[in-house]
Amino acid sequence: MSLLPFFTWCENSGLGSTIRSSPWMFPILEVVHLLALAVIGGAVLMINLRMFGLGLNRQPLREVAADTRPFLIGSLLMMIASGLLLFVSEAIKCYYHGAFWFKMAFLLLAIVFTFTVQRGVIARADSKNIGPMALKLVGLVSLILWTGVGVAGRWIGFS
Amino acid sequence: MSLRGICEWLSTTPGSVAIHESVWAYPIIESLHVLFLCLFAGVILMWDLRLMGLVLRRTPVSEMSVRVLPWAVAGFIVMAITGTLLVYQEPMRAYENPFFRAKALMLILAGVNVFVFHRTIGRRIPKWDVDLVPPPRARLAGGVSLSLWAMIIVCGRLIAYNWFSGAH
């Protein structure tokens with residue numbers, strides 16, 4: 001089944017055309033998306049740098065993760081909300097843009113990995129059952145996935 | 001020579017023309033600029049929020065300064081290099097763009113804020129190192145930095161739009 005009808009419906013929706021016909025709505029949404037990107041970047045890096053042994057090594061990993069979690073979740077929700085609005089305004093362009101599909105694939109993997117594997121490892125990390133190499137590997141996978149989302153996301157803007 | 005003259009001259013130099021005309025150079029430099037925003041702004045944000053007592057409160061500020069701040073410095077170096085190249089490839093666009101001017105001004109203010117912080121309350125970190133909520137002067141420095149960098153990001157993104165000149 002092709003998703004094109006759905007993408008076309010998004011593009012032609014009232015929301016999509018409102019955003020498209022306004023000179024400032026799209027730029028403002030981009031700004032919100034970019035500000036949230038900085039926040040999510042910070043939250044993801046604090047956790048992953050700690051996992052690499054290159055960050056706040058004297059603090060328990062669980063503490064670093066718990067303290068930064070509200071920023072991770074909050075910025076992710078802001079990214080998704082602003083991203084959805086950007087998407088509906090140019091859904092058909094996205095449909096035909098390879099970078100969009102790469103981004104969605106990376107995003108799905110990144111979210112699943114963060115809230116299953118990484119979360120589970122963090123919960124058990126301080127009980128010493130998990131070695132430093134395993135932590136580094138999980139941090140590396142997380143960093144690659146999120147970087148993939150960012151790079152592919154930027155690439156949607158280049159035609 | 002006026003600033004405008006310098007920008008006009010820069011835009012005729014071979015390096016500027018080469019980047020501007022290359023198919024790949026601009027997207028790659030711009031992508032690096034956005035990607036390293038996560039490193040620089042993300043890390044600086046965590047530092048500012050710590051100064052404001054809003055995140056990682058159980059982490060000593062000195063620990064943040066030693067273990068985290070160097071990442072922001074590394075990120076800033078990449079931002080400065082890629083940002084300079086982005087201006088260099090089209091200097092006149094930057095010169096004429098009000099958002100670029102606002103961004104440049106706020107970059108200077110952010111630098112002043114860093115300087116003032118390290119000359120004043122930042123010198124006495126040992127005294128408030130483990131405070132869950134740092135003293136007002138430190139919270140102010142964090143808040144000013146946070147606001148300036150947020151506005152710099154906003155202006156940076158809006159440089160792409162030229163709402164104030166007739167030409168599009």
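Sequence order sets the numbering: in each chain, residues are counted from 1 along the sequence as written. Following the order in which they are written, the chains are lettered starting with A and the ligands numbered starting with 1. Where local features are concerned, this predicted model is filtered to residues with pLDDT of at least 70; where side-chain atom pairs are given and counted, the filter is 80 or more; whole-chain, interface and lining totals use all residues.

Is there a simple way to think about the overall build of chain B in this case?
Looking only at helices and strands, chain B features nine helices and zero strands. Numbered from the N terminus, helices here are DSSP runs of H or I no shorter than four residues, and strands are runs of E no shorter than two. From first element to last, N terminus to C terminus, chain B shows the α and β order α-α-α-α-α-α-α-α-α. Each principal axis of the C-alpha atoms in chain B carries an extent, and together these give about 55 × 30 × 30 Å. For chain B, the proportion of its 168 residues judged to be buried stands at 28%. Two residues qualify as being in contact provided that their C-beta atoms, derived from the backbone, are within 7 Å of each other. For chain B, restricting intrachain contacts to residue pairs at least 6 apart in sequence, the fraction spanning at least 24 positions comes to 80%. Our exposure labels follow a C-beta count within 10 Å of each residue's own C-beta, placed from the backbone: buried means 20 or more other C-beta atoms, exposed means 12 or fewer, and partly exposed covers the counts in between.

Help me understand the overall build of chain A in this model?
When you go through chain A residue by residue, the secondary structure sums to seven helices and zero strands. On the principal axes, the C-alpha backbone points of chain A span a range of 55 × 35 × 20 Å. Taken across its 159 residues, chain A has 38% of its residues classed as buried. The contacts of chain A with a sequence gap of at least 6 include a subset with a gap of at least 24, amounting to 79%.

Help me understand the nonpolar core in this model?
B:F40, B:V43 and B:M46 are the most contacted members of the largest nonpolar core, which has 62 residues in total. Sorting the residues of this core by element identifies helix 3 (25–52), helix 4 (61–89), helix 6 (98–125) and helix 7 (132–156) of chain A together with helix 3 (25–51), helix 4 (61–67), helix 5 (69–88) and helix 9 (136–158) of chain B as the ones contributing at least two each. Excluding its chain neighbours within four sequence positions, the residues that come into contact with B:V43 are A:G42, A:L45, B:V68, B:W71, B:A72 and B:G75. The next biggest cluster of nonpolar side chains, apart from the first, holds nine residues, and it includes A:C10, A:L86, A:V88 and A:C94. As used here, a nonpolar core is made of buried Ala, Val, Leu, Ile, Met, Phe, Trp, Tyr and Cys residues. They are joined through C-beta atoms within 7 Å.

I'm lost on the interface of chain A and chain B in this one. Help?
The extent of an interface is frequently quoted as the accessible surface area lost upon association of the parts. At the interface, 27 residues of chain A touch 26 residues of chain B. Secondary structure elements with two or more residues in the side of chain A that touches chain B: helix 3, helix 4 and helix 7 of chain A. Top contributing element to the side of chain A that touches chain B by residue count: helix 3 of chain A, with 13 residues. The residue inventory of the side of chain A that touches chain B, partitioned by class, reads 14 nonpolar, eight polar and five charged. Amino acids outside the nonpolar list (Ala, Val, Leu, Ile, Met, Phe, Trp, Tyr, Cys, Pro) and the charged list (Asp, Glu, Lys, Arg) are all regarded as polar, and Gly is one of them.

How should I be thinking about the packing of helix 3 of chain B against helix 9 of chain B in this particular structure?
Two quantities define a packed helix pair, namely the angle between the helix axes and the distance between the axes. Residues and elements named next belong to chain B. Two elements in contact, helix 3 and helix 9, have axes whose closest approach is 7 Å; the angle formed by their N-to-C orientations is 150 degrees. Comparing the axis directions of helix 3 and helix 9 gives the class roughly antiparallel. At the point where helix 3 passes helix 9, the crossing takes the left-handed sense. Taken together, the residues of helix 9 that come into contact with helix 3 (itself represented by A41, I44, L45, D48, L49 and L51) are A138, R139, A141, G142, S145, L146, W149 and I153. Here, axes are lines fitted to C-alpha atoms. For helices the fit covers the stretch in contact, and angles between N-to-C directions go from 0 to 180 degrees. Comment on the angle field: the value is read as roughly parallel under 35 degrees, roughly antiparallel over 145, roughly perpendicular from 65 to 115, and oblique elsewhere. Crossing chirality is assigned from the near helix's rotation relative to the far helix, an anticlockwise turn below a right angle marking it left-handed and a clockwise turn marking it right-handed.

What exactly am I supposed to notice about the environment of A:W155 here?
Residue and element names in this part refer to chain A. Within the secondary structure, W155 is located in helix 7. Using a count of 17 C-beta atoms within 10 Å as the deciding quantity, one classes W155 as partly exposed. With 151 residues separating them along the chain, W155 and L4 place their C-alpha atoms 21 Å apart.

Before we go on, may I ask you to explain the confidence of the model for chain B in this structure?
Interpreting fine coordinate detail is not advised for predicted regions of low pLDDT. Predicted confidence across chain B gives a mean pLDDT of 94, with 98% of residues reaching 70 or more. This complex was scored by the predictor with a pTM of 0.93 and an ipTM of 0.93. The predictor rates its confidence in each residue with pLDDT, a number between 0 and 100.

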